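# Observations on the model geometry
These are the residues of each chain, in order.
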Amino acid sequence: MGLDRIVINPDVCLGQPTVRGLRITVAFVLKLLASNLSVPEILEAYPELELEDIRQVLHYAAWAVSDQTHGVLA
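To keep things clear, this report deals only with the structure shown in the data block. Quick caveat, the model's predicted, so the values are computed rather than measured.

## Structural notes on unusual backbone geometry
Glycine aside, residues mostly have negative phi angles, and peptide bonds mostly take the trans form. One non-glycine residue, Leu14, lies in positive phi territory at about 55°. Mapped onto the secondary structure, Leu14 falls in the loop between strand S1 (6-7) and strand S2 (18-19). The exposure class assigned to Leu14 is exposed, which follows from its relative accessible area of 82%. Despite not being glycine, Arg20 shows a phi value in the positive range, around 50°. Within the secondary structure layout, Arg20 lies in the loop between S2 and helix H1 (26-34). Relative accessible area serves as the criterion here: at 33%, Arg20 is assigned to the partly exposed category.

## Some points on the packing of aromatic side chains
In this description, a pair of aromatic rings is defined by centroid distance and the angle of the planes. Under the counting rule described, the total for this entry stands at two aromatic pairs. Both rings, one in Phe28 and one in Tyr46, keep their centres 5.5 Å apart while their planes meet at 85°; by these two values the pair is edge-to-face. With Phe28 in helix H1 and Tyr46 in the loop between helix H2 (39-45) and helix H3 (51-69), this pair connects stretches of sequence that are 18 residues apart. A relative accessible area of 33% places Phe28 in the partly exposed class.

## Details of H1
Along H1, the positions that sit buried rather than exposed are Val26, Val29 and Leu32. Taken down its axis, H1 places every buried residue within 125° of arc, on the same side. Exposed side chains of H1 directed beyond 90 degrees from the buried face belong to Lys31 and Ala34. In the stretch just after H1, Asn36 is the one whose phi turns positive, near 70°.

Parameters at a glance
Residues numbered from 1 in each chain as written. Predicted model: local features only at pLDDT ≥ 70, side-chain atom pairs only at ≥ 80, totals over all residues. Heavy atoms only, no water. Helix = DSSP H or I, 4+ residues; strand = E, 2+ residues; numbered from the N terminus. Buried < 20%, exposed > 50% of the residue type's maximum accessible area, 1.4 Å probe, protein only. Phe/Tyr/Trp six-rings, centres within 6.5 Å; stacked < 30°, edge-to-face > 60°. Arc of directions from axis to C-beta.

Spelled out as structure tokens, the structure:
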């Protein structure tokens, strides 16, 4: 799976990873999910998001955490 929907642009949201260059950050979507909002609820509240956006946010987060903790917990 690629991460073509996750964009890092220093001119958007202070360079935080965003979804398709929108002003919706990966961290924001993760916080929504962590707050027990369901994917359909998020998509309804933020119609500019698509299901694939949320999938890629989760994939990116898993990759980022894995990359940061590789070997740390061993």
